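The chain contents come next:
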Amino acid sequence: MQSPITVLLFVVLLFAGVGIGFLLRKRVVESKIESIDRLSQRIIEEAKREAENATRDAMLQTKDTLFRMKMEFEKETKDRRAELQRMEKRLLQKEENLDKKSEQVEKREQETVRKEQSLRDREKFLNGKEKEYQGLVEEQTVKLEGLAGITSSEAKTMLLQAMENEARHEGAKLVKQIENETKENADKKGREILAQAVKRYAGDYIMEKSVSVVPLPNEEMKGRIIGREGRNIRALEAATGVDLIIDDTPEAVILSGFSPVRREVAKLTLERLINDGRIHPARIEEVVGKVTQELEASIRETGEQATFDVGVHGVHPELQRLIGKLKYRSSYGQNALQHSLEVAFLCGIMASELNLNVKQAKRAGLLHDIGKAVDHEIEGSHAAIGADLCKKYGEAPGVIQAVAAHHEEVPSNAVIDILVQASDTLSGARPGARREMLESYVKRLADLEKIANSFRGVDKSYAIQAGRELRIIVESDKVSDDESVIISREIAKKIENELVYPGQIKVTVIRETRSVEYAK
């Protein structure tokens, strides 16, 4: 066990150590606090310096920005001031111009007022003079009429007649001069003159033939054709597509249908059945089949023969077949195939005279009515249908155009088109080619003579050559040679405007002077 002194000494030493330690720690802390104070003071001073530097930099930048803004503002202000000055100058100039114009307008108004007043005064003066002159003219007119023995209206009429006669005389001379020049240039102008001379065509369309008549040996044959309960006639109509009309016509049966080929089949079939005597549905179908085959072969042979006769080669077989079908088609009573052949030959003749392609002209003439072979099956005009068929089967563009334009449904753009039109007209207009009612024929002749007789100085007129020529005899003491030229042209023009006719009409004016004396 330790003594109290030791404990006390230990306690004293402990407190002394604690105090010393505290003092030492205090001193260390104080030294750290001093160092921290110095560090913080230094940091504060550095921060103040940085803040002062930043403030100076900011102030410098602000001053620089303000300076730039000031300079820009001053420049913009200067530019605007200059622009305003320019605008002010322009406005001043405009104002000066307006003032000048206003002064000019005022001057013009004053001048216009003066001119109007002057014109009114002059008008009054002229009106007075006009009345004075009119009185003088009337006085002189009365004196002249008394001296001349004619009135002023009669003098005017005489003057106008003299001027008219002089104008007609000069016009006739000019017409003769033009005709002479035309004749001199005939070689150069031949194609155009001939084409235009034969181009005219006019005509009306009438109903095509759509019935055929089959003669019977006796009236009993009608009953056999009809058959029991009408079975024979029904079978015949069904097989041929043609209507059979059995009426009161003695010993005849009428076949009605728009297809000429079907009517021909029905006609041949019925004739064979009548000759054979066996008429029943099975026999009818058999005969119709045979006749159809034979007729088809005949159609092809006819088409081939037509192309051979014309001298046209390389025609598509289908076109040849359609040409053969034209044999059973008629127009105005004229056979369509014969008409096509005539047109082909006429085209060839005129093309040869004009130094054109003769083969192409014949080809176009032969094919110009090819559309009539199927126009009862296809809608449209036969010219348009024919052009489509020629195009389909590889014909030349010139031929297609001629076929399409031969009735002027499309414009003509080549001489061959006009040749086809002229040949078509000539073939249909030749005497005996087509049927024409006597009444219309006589009326046309009377109209021709009536038109001719309506002109002054015409003594007699005669329509001759079936209305193809009009001969006119004029009075020699009323119509001169020059005036006869004008009368022929005026009559021809009036005929063109007032009449409808095929082909062309030649107008011939005859003027002659006869001197007769008797020897006693």
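Residues numbered from 1 in each chain as written. Predicted model: local features only at pLDDT ≥ 70, side-chain atom pairs only at ≥ 80, totals over all residues. Heavy atoms only, no water.

Caption draft 1: Layout of the pattern of salt bridges. Tallied over the entire structure, the rule returns 19 salt bridges. Linking E395 and R363 is a salt bridge whose minimum nitrogen-to-oxygen distance equals 2.6 Å. Note that E395 is positioned in the loop between α11 (382-392) and α12 (397-405) and R363 in helix α10 (residues 358-367), a separation of 32 residues in sequence. Connected through shared salt-bridge partners, D276, R278, R283, E286 and K290 make up one network. (Salt bridge = Lys/Arg side-chain N within 4 Å of Asp/Glu carboxyl O. Helix = DSSP H or I, 4+ residues; strand = E, 2+ residues; numbered from the N terminus.)

Caption draft 2: Focus on the sheet that holds strand β7 (residues 469-474). The strand order across the open sheet built from three strands is β6-β7-β8, with neighbouring strands paired in mixed fashion. Strands at the two margins of the open sheet, each flanked by one partner only, are β6 (458-464) and β8 (506-510). Between one strand and the next, the sheet's axes are offset by a mean angle of 15 degrees, whatever the strand orientation. As paired elements, β6 and β7 share six bridges and run antiparallel to each other. From the neighbouring strand, V458 faces β7, where its bridge partner is V474. Set on the sheet, helix α15 (residues 481-498) makes contact with β7 and β8; between it and β8 the angle comes to about 150 degrees. (Pairing = 2+ DSSP bridges. Axes fitted to C-alpha atoms, helices over the stretch in contact; angles between N-to-C directions. Contact = heavy atoms within 4.5 Å.)

Caption draft 3: A look at the nonpolar core. Formed by 38 residues in total, the largest nonpolar core has its most connected members in L319, L322, I323, L367, I370 and L389. Ranked by residue count, the leading element in this core is helix α9 (residues 336-353), at eight residues. Grouped together as the second largest cluster of nonpolar side chains are 25 residues, V242, L255, L273 and V291 included. (Core = buried A, V, L, I, M, F, W, Y, C linked by side-chain atoms within 4.5 Å. Buried < 20%, exposed > 50% of the residue type's maximum accessible area, 1.4 Å probe, protein only.)

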